[in-house]
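What follows is the residue order along each chain.
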Amino acid sequence: KAGVTQTPRYLIKTRGQQVTLSCSPISGHRSVSWYQQTPGQGLQFLFEYFSETQRNKGNFPGRFSGRQFSNSRSEMNVSTLELGDSALYLCASNLGGTGFIGANVLTFGAGSRLTVL
Amino acid sequence: SQELEQSPQSLIVQEGKNLTINCTSSKTLYGLYWYKQKYGEGLIFLMMLQKGGEEKSHEKITAKLDEKKQQSSLHITASQPSHAGIYLCGALLNAGNNRKLIWGLGTSLAVNP
């Protein structure tokens, strides 16, 4: 079956612009999580969506937002870009279960590399 | 400080050598995941551990979770250039609606032929 697909893979923006990243999860996966990865901070959790509802949220400013559609596809948006937003943005999907550890195994996409100039 | 400490931060080994990466938490973990990441790409799931004392192996990689469920190790036997990449541990704290997934900063592994 197809993996997690993220688009675009690479993009360059300038400060003040906004960006929208897209994620198509594995078929049947209802949960989509977004992460920001930078060399210094590692993998930082942005938010998780399940059945079109935000279920968990990390400690990021309101400039970072997301949504999930009825087909489980998800988008995240970053407004008023800053230089520090340059990072690899990773999307991951899973079944969405809250108990069984196996249901929490995340399948990651290849990421969207954002460079802010 | 990091909730999940990984060591070493980076590692360079000669092909054929064994190596160990550690992942330590100050809290008891509900579950532990190991992933591998090729530079600039997504994470690939390797193994998950849940029970204290559990050990799993896949090909030349073995992961263990200690009895107290606070420390895990990833051991690679007879390393190969294909093992190069960044290894990350992720830990599940609690279950149910209070669950929280935390991550180590990763261990960068280079294998010289």
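As a reminder, the structure under discussion sits directly above these lines.
Parameters and conventions
- Residue indices follow the written sequence of each chain, beginning from 1 at its first position.
- Working convention: letters from A go to chains and numbers from 1 go to ligands, in the order in which they are written.
- At least 70 in pLDDT is required for a residue's local features to be given in this predicted model, at least 80 for side-chain atom pairs to be given and counted, and no such filter applies to totals for whole chains, interfaces and linings, which use all residues.
- Think of the side-chain values as coming from all heavy atoms in the structure, minus any hydrogens and water.
- Only protein atoms enter the calculation, which uses a 1 Å grid: trapped sets of points that fit a 1.4 Å probe without letting it out are cavities, open sets showing protein on both sides within 12 Å along at least five of seven lines are pockets, and any residue with an atom within 4 Å of a point is a lining residue.
- Grid points are joined across faces, edges and corners, and a volume is the space filled by probe spheres set on the points.
- Secondary structure elements follow DSSP: runs of H or I no shorter than four residues count as helices, runs of E no shorter than two count as strands, and numbering proceeds from the N terminus.
- Note on residue categories: nonpolar means Ala, Val, Leu, Ile, Met, Phe, Trp, Tyr, Cys or Pro, charged means Asp, Glu, Lys or Arg, and polar means any other residue, Gly included.
- Exposure categories follow from relative accessible area, calculated using a 1.4 Å probe and restricted to protein chains: below 20% of the type maximum is buried, above 50% is exposed, and the middle band is partly exposed.
- Any two strands are treated as partners once DSSP identifies two or more bridges connecting them.
- Pairs were defined over the aromatic rings of Phe, Tyr and Trp, the Trp ring being its six-membered one, requiring ring centres within 6.5 Å. Orientation was assigned from the angle between planes: stacked under 30 degrees, edge-to-face over 60, tilted for the rest.
- We call a charge positioned over a ring when the NZ of a Lys or the CZ of an Arg lies within 6 Å of the ring centre and within 35 degrees of the ring normal.
- Only buried Ala, Val, Leu, Ile, Met, Phe, Trp, Tyr and Cys residues count toward a nonpolar core, and they belong to the same one when joined by side-chain atoms within 4.5 Å.
- Whether two residues touch is decided by their heavy atoms; if any such pair falls within 4.5 Å, the residues are in contact.

**Quick word on the layout of surface pockets**
Summary: where empty space remains is shown by rolling a probe the size of a single water molecule over the atoms.
In step 1: For the largest pocket, the calculated volume is near 670 Å³.
In step 2: A:Phe45, B:Lys100, B:Leu101, B:Ile102 and B:Trp103 are, among the 29 residues lining the largest pocket, the residues nearest its centre.
In step 3: When contributions to the lining of the largest pocket are tallied by element, the ones reaching two or more residues are β4 (31-38), β5 (42-50) and β6 (53-57) of chain A together with β10 (100-103) of chain B.
In step 4: The residue inventory of the lining of the largest pocket, partitioned by class, reads 11 nonpolar, 13 polar and five charged.
In step 5: If you trace the second largest pocket, you find 21 residues lining it, with A:Gln37, A:Thr38, A:Pro39, B:Ile86 and B:Leu105 closest to the centre.

**With respect to the pairing of strand β3 (residues 19-25) of chain B**
If a strand is regular, its side chains alternate between the two faces of the sheet.
Residue and element names in this part refer to chain B.
In step 1: The alternating pattern of β3 places Leu-19, Ile-21, Cys-23 and Ser-25 on a buried face and Thr-20, Asn-22 and Thr-24 on a face that is not buried.
In step 2: Taken together, the four bridges between strand β1 (residues 4-7) and β3 define a ladder with antiparallel strand orientation. The residue bridging Leu-4 from the neighbouring strand is Ser-25, located in β3.
In step 3: Relative to strand β8 (residues 71-76), β3 runs antiparallel, the two sharing six bridges. The partner of Thr-24 across the bridge, within β8, is Gln-71.

**Some points on the packing of aromatic side chains**
In step 1: By the definition in use, this model includes nine aromatic pairs over all chains.
In step 2: Plain terms: the ring middles of A:Phe60 and A:Phe64 are 5.1 Å apart, the flat faces sit at 65° to each other, and that makes the pair edge-to-face. A:Phe64 carries the same exposure label as A:Phe60, and that label is buried.
In step 3: Plain terms: the ring middles of A:Phe108 and B:Tyr35 are 5.5 Å apart, the flat faces sit at 85° to each other, and that makes the pair edge-to-face. In this pair, A:Phe108 sits in strand β10 (residues 107-108) while B:Tyr35 sits in strand β4 (residues 31-37), so the two residues belong to two different chains.
In step 4: According to the relative accessible area criterion, A:Phe108 is buried, its value standing at 8%.
In step 5: According to the relative accessible area criterion, B:Tyr35 is buried, its value standing at 1%.
In step 6: Among the aromatic side chains, those forming a connected cluster through ring pairs are A:Tyr35, A:Phe45, A:Phe108, B:Tyr35, B:Phe45 and B:Trp103.
In step 7: The cationic tip of A:Arg55 hangs over the ring face of A:Phe50; the distance from NZ or CZ to the ring centre is 4.3 Å.

**Looking at the nonpolar core**
In step 1: Counting 22 residues, the largest nonpolar core has B:Leu32, B:Trp34, B:Leu74 and B:Leu109 as its most contacted members.
In step 2: Among the secondary structure elements, those contributing two or more residues to this core are β3, β4, β5 (43-49), β7 (61-65), β8, β9 (85-93) and β11 (107-112) of chain B.
In step 3: Residues in contact with B:Leu109, not counting those within four places in the same chain, are B:Leu11, B:Val13, B:Leu19, B:Tyr39, B:Ile76, B:His83, B:Ala84, B:Gly85 and B:Tyr87.
In step 4: Counting residues in each nonpolar core, the second largest holds 21 residues, with A:Leu46, A:Tyr49, A:Phe64 and A:Leu81 among its members.

**A few points about unusual backbone geometry**
In step 1: The amide bond that connects A:Thr7 to the next residue, A:Pro8, takes the cis arrangement and shows omega of -10°.
In step 2: By secondary structure assignment, the location of A:Pro8 is in the loop between β1 (5-7) and β2 (10-13).
In step 3: The step from B:Ser7 to B:Pro8 runs through a cis peptide bond, and the omega angle for that step is -5°.
In step 4: At A:Ser51, a position not held by glycine, the phi torsion is positive, near 50°.
In step 5: With respect to the helices and strands, A:Ser51 occurs in the loop between β5 and β6.
In step 6: Given a relative accessible area of 34%, A:Ser51 falls into the partly exposed group.

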